[in-house]
Amino acid sequence: MTRWKGPILLAAGGLACLALWLASGAPNEDPMPRSESRTYQAEGRRMHYVSAGDRSHPLVLLVHGSPGDWTAFEEYLDHVELLQEAWMLAVDRPGFGSSGFGRPEPSLEVQARLLRPLLEKADARGAVLVGHSLGGSVIARMAMDFPARVVGLLLVAPAIDPQLEKLRWYNRLASLSAVRLLLPRALDTSNLEILPLRSELEKMLPLWPRVEAPTIVIHGSKDRLVPAANADFAGRALVNAPVDVRRVHDAGHFILWERPDLVVQAILELVRGAGDAPTP
């Protein structure tokens, strides 16, 4: 049996790599920013983001899922209509891209604090937050912790209901030390923040009444990674915010790229609402 131990571990690692890779969607590509690339320091971390658009427009913060980086929104940063109406910041979440690659931050509360300096760049109108998948979890926490700075939420296939957050076989397999050595670093980083996600979402349960910003939820009915029932949870949890749930029957989890037209439309609605809102 001993002589088969090595091949068995290699095979298990290969299966874990394949499963996680398929679940993650498009692989990360080296960033090729056409916009302005910037960094800032927060709680001892170097954080990276890309800026596009006119600073006089309402701020839109774009937060990617897991794994990923700011390039998940590269198409949006080049969108003519968005550039005419919004100042967009696409951030690398902690542990991804150029924000300490390979050093994940499992706490959603801490992730929200690390992104807060970007909210402070907004003018008196506040910021519209856009989050895909686990990025939706992060912006929800931001809206709970910094409600005065958030004027709109767009949750795209968000992972927000702890009851629906279940670990898959490949998450458990990928947590084994021998398998982690074989995983691409981005997938290992992703798995390390997914493992505690359910408990992080449970901590947020009593905080949902804090959110008052108008919220749009877009979820594909064919999503096999994050159940579409998360959209129903948003409708129940956001008791003090106007919520518009939009189901897309021909889309899956990667609706951010499958139906960018719907996402752009929702961003513009929230941006125009922020622009029309009276400043304090």
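Values in this document were obtained by computation on a predicted structure and should not be read as measured data. (Residues numbered from 1 in each chain as written. Predicted model: local features only at pLDDT ≥ 70, side-chain atom pairs only at ≥ 80, totals over all residues. Heavy atoms only, no water.)

Visitor: Looking at this structure, I do not really get the confidence of the model for the protein chain. What am I missing?
Guide: The predicted structure's coordinates, where accompanied by low pLDDT, should not be read in detail. Of the residues in the protein chain, 86% reach a pLDDT of 70 or more, and the chain-wide mean stands at 89. Scored below 50 in pLDDT, residues 1-33 shows 42 contacts in the model against residues more than four places distant or in partner chains. (pLDDT = per-residue confidence, 0-100. Contact = heavy atoms within 4.5 Å.)

Visitor: Would you explain the pattern of salt bridges in this entry?
Guide: Opposite charge on two side chains permits pairing when their charged atoms draw close. As enumerated under the stated definition, the model contains 19 salt bridges in all. Between D123 and R125 there is a salt bridge whose closest N-O contact spans 2.6 Å. Given a relative accessible area of 38%, D123 falls into the partly exposed group. Across the salt bridge formed by R259 and D250, the nearest N and O atoms sit 3.9 Å from each other. Residue classification places R259 among the partly exposed residues on the basis of a relative accessible area of 24%. (Salt bridge = Lys/Arg side-chain N within 4 Å of Asp/Glu carboxyl O. Buried < 20%, exposed > 50% of the residue type's maximum accessible area, 1.4 Å probe, protein only.)

Visitor: Honestly, unusual backbone geometry in this entry has me stumped. Any pointers?
Guide: When glycine is set aside, most residues are seen to have a negative phi, and most peptide bonds are trans. Cis geometry is found at the peptide bond from S66 to P67, where omega equals -10°. Along the polypeptide, P67 turns up in the loop between β3 (59-63) and α2 (74-77). Residue E43 is not a glycine yet carries a positive backbone phi of 50°. A positive phi angle, close to 45°, is found at A157, a residue other than glycine. Checked against the element boundaries, A157 lands in the loop between β6 (150-156) and α6 (169-174). For A157, a relative accessible area of 0% corresponds to the buried category. (Helix = DSSP H or I, 4+ residues; strand = E, 2+ residues; numbered from the N terminus.)

Visitor: Where do I start with the environment of V226 in this structure?
Guide: Tracing the backbone shows V226 in the loop between β7 (215-220) and α10 (229-237). The exposure class of V226 is buried, given its relative accessible area of 8%. In this structure the C-alpha to C-alpha distance between V226 and G252, which are 26 residues apart in sequence, comes to 9.1 Å. Residues within four places of V226 in sequence aside, it is in contact with S133, A157, P158, A159, H219 and H253.

Visitor: Help me understand the sheet that holds strand β4 (residues 87-91), please; the structure alone is not making it clear to me.
Guide: Pairing between the strands of a sheet is mediated by backbone hydrogen bonds and can be parallel or antiparallel. Strand order across the open sheet formed by eight strands is β1-β2-β4-β3-β5-β6-β7-β8, with mixed pairing between neighbours. Two strands in the sheet have a free side with no partner beyond their single neighbour: β1 (36-42) and β8 (243-248). Between one strand and the next, the sheet's axes are offset by a mean angle of 20°, whatever the strand orientation. Here strand β2 (residues 45-52) pairs with β4 via four bridges, running antiparallel. The partner of Y49 across the bridge, within β4, is V91. Most of the contacts of helix α4 (residues 108-119) go to β1, to which it runs at about 125°, and overall it touches β1, β2, β3, β4, β5 (127-132) and β6. Against the sheet, α10 engages β7 and β8, with an angle of about 170° to β8. (Pairing = 2+ DSSP bridges. Axes fitted to C-alpha atoms, helices over the stretch in contact; angles between N-to-C directions.)

Visitor: How should I be thinking about α4 in this particular structure?
Guide: Three- or four-residue spacings in an α-helix give side chains the same orientation, since the helix completes a turn every 3.6 residues. Taking 1.5 Å per residue as the helical rise, α4 with its twelve residues ought to reach 16 Å, and the 16 Å between its terminal C-alpha atoms agrees with that figure. Those residues of α4 that fall on the buried side of the exposure criterion are L108, V110, Q111, A112, L114, L115, L118 and L119. Residue S107 occupies the N-cap position of α4, its side-chain oxygen lying 3.3 Å from the main-chain nitrogen of E109. (Expected span 1.5 Å × (residues − 1). Polar contact = N/O pair within 3.5 Å; in protein donor to acceptor, adjacent residues only side chain to side chain.)

Visitor: Honestly, the packing of α4 against helix α5 (residues 134-145) in this entry has me stumped. Any pointers?
Guide: Axis angle and axis distance: for two packed helices, these are the angle between their axes and the distance between the axes, and together they describe the pair. Between α4 and α5, the shortest axis-to-axis distance is 9 Å and the interhelical angle comes to 75°. Judged by the inter-axis angle, α4 sits roughly perpendicular to α5. On the side of α4, the interface is formed by L108, E109, Q111, A112, L115 and L119, while α5 contributes L134, S137, V138, R141, M142 and D145. The residue makeup of the contact of α4 with α5, split by class, is seven nonpolar, two polar and three charged. (Parallel < 35°, antiparallel > 145°, perpendicular 65-115°, else oblique. Nonpolar A, V, L, I, M, F, W, Y, C, P; charged D, E, K, R; others polar.)

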